[in-house]
Amino acid sequence: MELPSDDVLDQVTRTLSARQHLFAQRGARFIFFPVPAKSTVHFEVAGRAAPRDTLLRLRRRLVSAGVEVVDTLPAYLALAKKGEWLFEFDDNHWNPAGVTLAAELIAARLPRIRRPN
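Predicted model, so just to flag it, every value in this text is computed and none were measured. (Residues numbered from 1 in each chain as written. Predicted model: local features only at pLDDT ≥ 70, side-chain atom pairs only at ≥ 80, totals over all residues. Heavy atoms only, no water.)

**Q** Which parts of the structure should I look at to understand the side chain of His 42?
**A** By secondary structure assignment, the location of His 42 is in the loop between α2 (38-41) and α3 (54-64). Judged by its relative accessible area of 2%, His 42 is buried. Here the side chain of His 42 touches Leu 86 through a polar contact of 3.2 Å, landing on its backbone nitrogen. Leaving out residues up to four positions away in the same chain, His 42 has contacts with Ala 80, Glu 84, Trp 85, Leu 86 and Phe 87. (Helix = DSSP H or I, 4+ residues; strand = E, 2+ residues; numbered from the N terminus. Buried < 20%, exposed > 50% of the residue type's maximum accessible area, 1.4 Å probe, protein only. Polar contact = N/O pair within 3.5 Å; in protein donor to acceptor, adjacent residues only side chain to side chain. Contact = heavy atoms within 4.5 Å.)

Set out below in C-alpha cells:
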C-alpha cells in the first residue's frame, strides 16, 4: 500500500483547518481524532519492523495549522509495546482495552460538565 504524499497530507490539513474555522464561527469546538489501524499499532503482526508514519506526519501538520488533535497512536503504541492487545483478534475493531484508552484520552481533553443539583 502506497503512503499518502506530502501534497495529500497538506490538502487534508487545509480541509480540517477549514472545518475547525467553520465550527469556531458557530461557537463549537472541533477536535480531530484519528483512529490508527490495527496494522499500525500491532505492526509486527503485519510483518513490519516499525509502524507507518502517516498519522505522525499528519499530526505534525495539523498541530502547526492550529488544529486540535487527540492522538491515540503514542498511547496505543506504548501499551502494545508492553504486550497489551488493543484490537479484536478476528477483526479490526478495538477491544475493550482499546475503547477504554480512547475514551480516557478524549475525556482528558473535554471540560468537566457540572450536573445541576
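**Q** I'm lost on the environment of Leu 86 in this one. Help?
**A** Relative to the helices and strands, Leu 86 is located in the loop between α4 (73-81) and α5 (96-109). Sequence-wise, Leu 86 and Lys 38 are 48 residues apart; in three dimensions their C-alpha atoms are separated by 8.2 Å.

**Q** Sorry, what's going on with the packing of aromatic side chains here?
**A** Geometrically, a pair of aromatic rings is defined through the distance of the ring centres and the angle of the planes. For the structure shown, the criterion picks out five aromatic pairs. Seen from their ring centres, Phe 33 and Trp 94 are 6.2 Å apart, and the 75 degrees between their planes marks the pair as edge-to-face. Linking Phe 33 in the loop between α1 (6-25) and α2 with Trp 94 in the loop between α4 and α5, this pair joins segments that are 61 residues apart in sequence. Given the relative accessible area of 24%, Phe 33 is considered partly exposed. Taking the relative accessible area as the measure of exposure, Trp 94 reaches 22% and is therefore partly exposed. Relative to Phe 89, the ring of Trp 85 lies with its centre 5.1 Å away and its plane at 10 degrees, an arrangement referred to as stacked. Each residue in the set Phe 33, Tyr 76, Phe 87 and Trp 94 is aromatic and connected to the rest through ring pairs, giving one cluster. (Phe/Tyr/Trp six-rings, centres within 6.5 Å; stacked < 30°, edge-to-face > 60°.)

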